[in-house]
Protein chains: 2
Amino acid sequence: MYINDNVINKMQDTLKIAADGTRLKILSCLLNELDVSDSHPHLIEKCVNDISLQIGSSQSLVSHQLKVLKDGGFVKARKEGTKIYYSLKDEHVRQIMQITYEHVLEDDDND
Amino acid sequence: MYINDNVINKMQDTLKIAADGTRLKILSCLLNELDVSDSHPHLIEKCVNDISLQIGSSQSLVSHQLKVLKDGGFVKARKEGTKIYYSLKDEHVRQIMQITYEHVLEDDDND
DNA sequence: TGCAAATATGAACAACTATTCATATAATAT
DNA sequence: ATATTATATGAATAGTTGTTCATATTTGCA
């Protein structure tokens with residue numbers, strides 16, 4: 001892992017995208033209902049309105065944040081009629097959330 | 001991975017701490033010089049001034065950010081005379097950086 | 001063409017935060 | 001005691017960003 005300033009900046013940008021409650025809810029919403037014991041988990045696709053309802057945030061906010069997630073390479077979109085289905089883009093997103101999740105659980109023990 | 005609002009907030013806090021260039025430099029500075037092929041990597045300890053010099057940021061800034069990292073459970077401190085040696089606290093920090101690193105490298109291929 | 005549903009967008013504001021500067025504290029040695 | 005080294009702290013500021021509100025765009029359908 002050789003880290004120069006350019007890499008630091010990109011890592012910062014990537015982590016900034018993940019470091020937001022609304023975006024984390026969107027991501028967890030898109031990775032829920034996955035069978036973690038399945039070694040080839042199938043893709044969860046949800047449209048903007050579904051996500052909005054499930055996480056309890058406004059349509060506008062969800063749309064704004066989905067754009068951030070999409071520009072950052074966290075999710076991808078598929079158009080079908082008037083709806084646009086979003087899903088997680090790659091495995092790294094899952095991994096970042098998984099490890100962060102484990103980290104906060106471990107901290108609970110020390111509180 | 002059951003994620004409620006309380007967990008989301010803690011994940012947000014954790015990721016926010018990582019999502020900063022100066023703090024990433026400090027962390028990478030503390031995990032450099034590790035032999036990645038070593039299954040039991042030894043601890044790297046560095047004092048504030050060393051870190052300040054190595055990453056090219058002021059002593060004050062490094063001290064401020066080390067406090068953030070310490071409060072967030074990313075690093076720990078050991079006092080020895082007038083110097084205070086900082087080191088990475090747990091393996092999750094390494095993992096978050098490793099996966100984020102891989103994520104930004106993968107994105108380079110798509111640019 | 002007109003209407004409804006789904007999503008995106010732009011402006012505006014409030015809240016947060018990274019950095020700098022000056023200063024304070026703590027430990028050590030002379 | 002005084003000086004020096006190492007680190008921490010507090011205030012102030014400038015830049016960033018999450019959210020809301022209003023509105024625009026796009027698609028499908030009667």
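Predicted, not measured: the structure shown is a model, and the values here were computed from it.

**Student:** Whenever I open this one, the protein's contact with DNA strand D confuses me. Can you help?
**Tutor:** Close to DNA strand D lie 24 residues; Thr22 and Ser60 of chain A together with Ser60, His64 and Tyr86 of chain B are nearest. What you see for DNA strand D is that sugar and phosphate hold 67% of its atoms within 4 Å of the protein. In the environment of DNA strand D, a base oxygen lies 2.8 Å from a nitrogen or oxygen atom belonging to the side chain of His64 of chain B. Between a phosphate oxygen of DNA strand D and a main-chain N or O atom of Ile84 of chain B, the distance comes to 3.3 Å.

**Student:** In this structure, what is going on with the protein's contact with DNA strand C? I would like to understand it.
**Tutor:** Surrounding DNA strand C, one finds 24 residues, the nearest of these being Ser60, His64 and Tyr86 of chain A together with Thr22 and Ser60 of chain B. The sugar and phosphate moieties of DNA strand C supply 66% of its atoms located within 4 Å of the protein. At 3.0 Å from a base nitrogen of DNA strand C is found a side-chain nitrogen or oxygen belonging to Gln59 of chain A. Within the residue set of the surface near DNA strand C, elements represented by two or more residues are helix H3 (48–55), helix H4 (59–71) and strand S3 (83–88) of chain A together with helix H2 (21–31) and helix H4 (59–71) of chain B. The element best represented in the surface near DNA strand C is H4 of chain A, accounting for 5 residues. Its residues assigned to classes, the surface near DNA strand C shows 5 nonpolar, 13 polar and 6 charged.

Thresholds applied
Residues numbered from 1 in each chain as written. Chains lettered and ligands numbered in written order. Predicted model: local features only at pLDDT ≥ 70, side-chain atom pairs only at ≥ 80, totals over all residues. Heavy atoms only, no water. Near = heavy atom within 4 Å. Polar contact = N/O pair within 3.5 Å; in protein donor to acceptor, adjacent residues only side chain to side chain. Helix = DSSP H or I, 4+ residues; strand = E, 2+ residues; numbered from the N terminus. Nonpolar A, V, L, I, M, F, W, Y, C, P; charged D, E, K, R; others polar.

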